[in-house]
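Summary of structural features
One-letter residues, chain by chain:
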Amino acid sequence: MSEENRSRVDEITDRVIESFDNCPSDRLTTILKALTYHLHQFAKEVSLTTEEWMAGIDFLMATGKISNDKRNEFILLSDLLGLSSLQVAINERADEATESTVLGPFFVEGSREFENGDDISQGASGESTFVSIKITDAEGEAMGGVTVDVWGADADGFYDVQYPGDKLFNRGRFVSDAEGRVFFWSILPVAYPVPSDGPGGALLKATSRCNMRPAHLHFALVKNGFSQVVTHLFVDGDPYLGRDAVFGERDSLICQFLEVAGDPEADDAKLRTNHYEIEHSFRMARG
Ligand code: BEZ
Ligand code: FE
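Residues numbered from 1 in each chain as written. Chains lettered and ligands numbered in written order. Predicted model: local features only at pLDDT ≥ 70, side-chain atom pairs only at ≥ 80, totals over all residues. Heavy atoms only, no water.

This part covers unusual backbone geometry. Its identity is not glycine, yet S47 carries a phi of approximately 45 degrees, on the positive side. Along the chain, the position of S47 falls in the loop between α2 (26-45) and α3 (50-66). (Helix = DSSP H or I, 4+ residues; strand = E, 2+ residues; numbered from the N terminus.)

Interface size, as often reported, equals the accessible area lost upon joining of the parts. Annotation of the protein chain at the domain level lists domain 1 (3-48) and domain 2 (73-284). Domain 1 and domain 2 are separated by 40 Å when their C-alpha centres are compared. (Domains from an automatic or database assignment.)

We now examine the site of ligand 1. Around ligand 1, the structure places L76, D79, G104, P105, F106, Y159, Y192, V194, R213, H216, H218 and V246. Here an oxygen atom of ligand 1 and a side-chain polar atom of Y192 are 2.6 Å apart. Contact between ligand 1 and H216: an oxygen atom at 3.0 Å from a side-chain N or O atom of the residue. Protein contact buries 100% of the 270 Å² of open area that ligand 1 shows by itself. Placement of ligand 1 is best described as lying within the largest cavity. Listing elements by their share of the shell around ligand 1, those giving two or more residues are α4 (73-80) and β7 (216-222). Class assignment of the residues belonging to the shell around ligand 1 gives a composition of seven nonpolar, three polar and two charged. (Near = heavy atom within 4 Å. Polar contact = N/O pair within 3.5 Å; in protein donor to acceptor, adjacent residues only side chain to side chain. Areas by Shrake-Rupley, 256 points an atom, 1.4 Å probe, with all protein chains shown as cover. 1 Å grid on protein atoms, 1.4 Å probe; cavity = no way out; pocket = protein on both sides within 12 Å on 5 of 7 lines; lining within 4 Å. Sits in = over half its atoms within 2 Å of the grid points. Nonpolar A, V, L, I, M, F, W, Y, C, P; charged D, E, K, R; others polar.)

Sheet strands line up and pair through hydrogen bonds in the backbone, either parallel or antiparallel. What the five strands build is an open sheet, ordered β3-β2-β7-β8-β9; its pairing is mixed. Both edges of this open sheet fall to β3 (171-175) and β9 (254-255), since each of them pairs with a single strand only. Across five bridges, the pairing between strand β2 (residues 147-151) and β7 is antiparallel. Along β7, the bridge assignment pairs D149 with A220. (Pairing = 2+ DSSP bridges.)

Throughout the structure, instances matching the rule amount to 16 salt bridges. In this structure, E92 engages R250 in a salt bridge whose closest nitrogen and oxygen atoms are separated by 2.6 Å. Taken together, the residues span a long stretch of sequence, with E92 in the loop between α5 (83-91) and β1 (128-137) and R250 in the loop between β8 (229-235) and β9 at a distance of 158 residues. The class for E92 is buried, based on a relative accessible area of 18%. D137 serves as the salt-bridge partner of R286, at 3.4 Å between the closest nitrogen and oxygen. Note that R286 is positioned in the segment after β11 (275-284) and D137 in strand β1, a separation of 149 residues in sequence. D137 gets classed as buried once you look at its relative accessible area, which sits at 6%. Members of the salt-bridge network, linked through shared partners, are R71, E73 and D197. (Salt bridge = Lys/Arg side-chain N within 4 Å of Asp/Glu carboxyl O. Buried < 20%, exposed > 50% of the residue type's maximum accessible area, 1.4 Å probe, protein only.)

The following block contains the structure:
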């Protein structure tokens, strides 16, 4: 770049940053000034060509076009670029609470309520799994009254909302009992590909990146006066651990899903057949 070009380039950046000086919100000013600075730095660093800039605009257009009320491709892009995991890591309370990870696109607000001991799989394909969770505060005191949303894919790696129609399976809402316990039947999580038929998938393909998420079950814990915990439990031994397409895995969230032989004497029919069991505890921080 010539000297003249460089000073023109820097002048443009300065002028755009100054244009936000009269913004009435301090926070919005901070965000827009920093965004402008880094966006311009990026274009300067790679000497962005017209074709590349246009390709980027087309990519964002395609991202908007494929998005709807059931599918948000912008969130998927944020996930694939690690922005979602970064944003979670910036805001979490990992010193006092269970480590958090991405919410993902398949959380559904207002999911069906279940009681401890119920089976949330509701006919989904998969290996029967008994999940037992204990919730405590940072001091280890049991926490009753925590609302716990759980959701997971079926054995084919699809969430209910990915099927046409109004399928509902392997998701539910519990409230922890006085001992801080939530327990239910679900299915063994399997690894699955992130939706790959849109711009997100094209990005992975063009860069020869892995499109898989290691097997996991999602949890979101909410209680007044405590920071929300949005997390997963990952299945130890999954071959995609270390290669998560959305950089969401955390060592502390990898758990043993134990294979248990059916007990012919058991009262519960599910316990009479071979199944998996997992036990884990979650911590929530005040604030
Ligand atoms: C998920 O775990 O449900 C998910 C997260 C990010 C992108 C795609 C799927
Ligand atoms: Fe998931």
